[in-house]
Amino acid sequence: ATDAKGTVVGAGFHHDAAFGRIGASASFLAERGGVSQGRELTALAAEYETRPVGTLSLGAGLAYRESYGRVGAGYSLRAAHEGGRDRVSVMVVHAPGGSGAFARATDEFQVQAGRVITRRWTVDGMLSRTRDASQVFSALHVSALNLGQRFAFTPTSAVSLRAQSTEFDARSASGAFG
């Protein structure tokens, strides 16, 4: 059993303007105990997302992140295309401190795409790469590929076929696996 206790304090503001959505946030998170014996983060962030221009929307964020005296600049970049029959999105995120500072990972890259082939048949795919390090793992890398299709017989019945490949590599003081 873990005896983790924590503190979460934060505030954020977002405003939808004629030119897009702007936002800012500030937060302090602390966890004491648990598996990693604690972690903390102080962060200030600003973000912007465009209104759709045709079928394209773009977004970006910048963050000041401080965790246990280590300071770093985080960022996120997003692009999405939403057409009538197809969609594509790309996301890149860098969060210094990674999961040891309350992020999903230190570095993330993801591409998703889908297409309506016919009124009944759709296909989609996703590719992602993640890199992280924490008190538990000195290095953690995950790569995934996911491809699928769906065929609808009727509006309430369909069959799906999906293939997925995941590569996992983790290193710790005890050795490597994956």
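Residues numbered from 1 in each chain as written. Predicted model: local features only at pLDDT ≥ 70, side-chain atom pairs only at ≥ 80, totals over all residues. Heavy atoms only, no water.

### A closer look at the overall build of the protein chain
Here's step 1: The helix and strand inventory of the protein chain stands at 0 helices and 11 strands.
Here's step 2: The principal-axis extent of the C-alpha atoms belonging to the protein chain is close to 55 × 50 × 25 Å.
Here's step 3: Looking at the 178 residues of the protein chain, the share that counts as buried comes to 25%.
Here's step 4: Expressed as a percentage of contacts within the protein chain between residues at least 6 apart in sequence, the contacts between residues at least 24 apart total 38%.
Here's step 5: Carbon and sulfur atoms form 60% of the exposed surface of the protein chain, whose accessible area is close to 11400 Å².
Here's step 6: Looking at the protein chain, you have 19 positive and 15 negative side-chain charges, and the mean spots of the two groups are 7 Å apart. (Helix = DSSP H or I, 4+ residues; strand = E, 2+ residues; numbered from the N terminus. Buried < 20%, exposed > 50% of the residue type's maximum accessible area, 1.4 Å probe, protein only. Contact = heavy atoms within 4.5 Å. Areas by Shrake-Rupley, 256 points an atom, 1.4 Å probe, with all protein chains shown as cover. Lys, Arg positive; Asp, Glu negative; His and termini not counted. Charge placed at Lys NZ, Arg CZ, Asp CG, Glu CD.)

### A few points about the side chain of D132
Here's step 1: As for its placement among the helices and strands, D132 is situated in strand 8 (residues 121-132).
Here's step 2: Of the side chains with opposite charge, R131 lies nearest to the buried D132, which makes no salt bridge, at 7.3 Å.
Here's step 3: Polar side-chain contacts of D132 include one of 2.5 Å to the side chain of S99.
Here's step 4: In this structure, D132 is in contact with G98, S99, R104, A105, T106, A139 and L140, ignoring residues within four places of it in sequence. (Salt bridge = Lys/Arg side-chain N within 4 Å of Asp/Glu carboxyl O. Polar contact = N/O pair within 3.5 Å; in protein donor to acceptor, adjacent residues only side chain to side chain.)

### Overview of the pattern of salt bridges
Here's step 1: Under the defined criterion, the tally for this structure stands at 8 salt bridges.
Here's step 2: In this structure, the salt-bridge partner of R39 is E31, at a minimum N-O distance of 3.0 Å.
Here's step 3: Judged by its relative accessible area of 22%, R39 falls in the partly exposed class.
Here's step 4: Its salt-bridge partner being R115, residue D86 comes within 3.1 Å of it at the nearest N-O pair. Placement of D86 in strand 6 (residues 86-94) and of R115 in strand 7 (residues 107-116) is noted, with a sequence separation of 29 residues between them.

### Quick word on the packing of aromatic side chains
Here's step 1: If you walk through the whole model with that rule in mind, you get 2 aromatic pairs.
Here's step 2: Measuring from ring centre to ring centre gives 6.3 Å for F19 and Y48, while their planes differ by 25 degrees; the resulting arrangement is stacked. With F19 in the loop between strand 1 (5-17) and strand 2 (20-32) and Y48 in strand 3 (residues 39-50), this pair connects stretches of sequence that are 29 residues apart.
Here's step 3: On the basis of relative accessibility, which here comes to 31%, the residue Y48 falls in the partly exposed class.
Here's step 4: The interplanar angle of 75 degrees and the centroid separation of 5.3 Å between the aromatic rings of F151 and F153 together place this pair among those described as edge-to-face.
Here's step 5: Across the ring face of F102, the terminal group of R39 is positioned such that the distance to the ring centre comes to 4.1 Å. (Phe/Tyr/Trp six-rings, centres within 6.5 Å; stacked < 30°, edge-to-face > 60°. Lys NZ or Arg CZ within 6 Å of the ring centre and 35° of its normal.)

### Topic: a nonpolar patch on the surface
Here's step 1: Taken together, the side chains of V88, V90, F109, L127, L145 and L147 make up a nonpolar region of the molecular surface, amounting to roughly 450 Å² of accessible area.
Here's step 2: Mapped by element, the contributors of at least two residues to the nonpolar patch are strand 6 and strand 9 (139-154). (Patch = residues over 30% accessible without salt bridge, like charges linked within 9 Å, V, L, I, M, F, W, Y side chains within 5 Å.)

### A look at the pairing of strand 5 (residues 70-82)
Here's step 1: As paired elements, strand 4 (residues 56-67) and strand 5 share 12 bridges and run antiparallel to each other. In the strand pairing of strand 5, S57 is matched with A80.
Here's step 2: Linkage of strand 4 to strand 5, two consecutive antiparallel strands, is achieved through a turn of 2 residues, within which Y68 is found at a positive phi near 50 degrees.
Here's step 3: Inspection of the sheet shows strand 5 paired to strand 6 by 8 bridges, in the antiparallel sense. (Pairing = 2+ DSSP bridges.)

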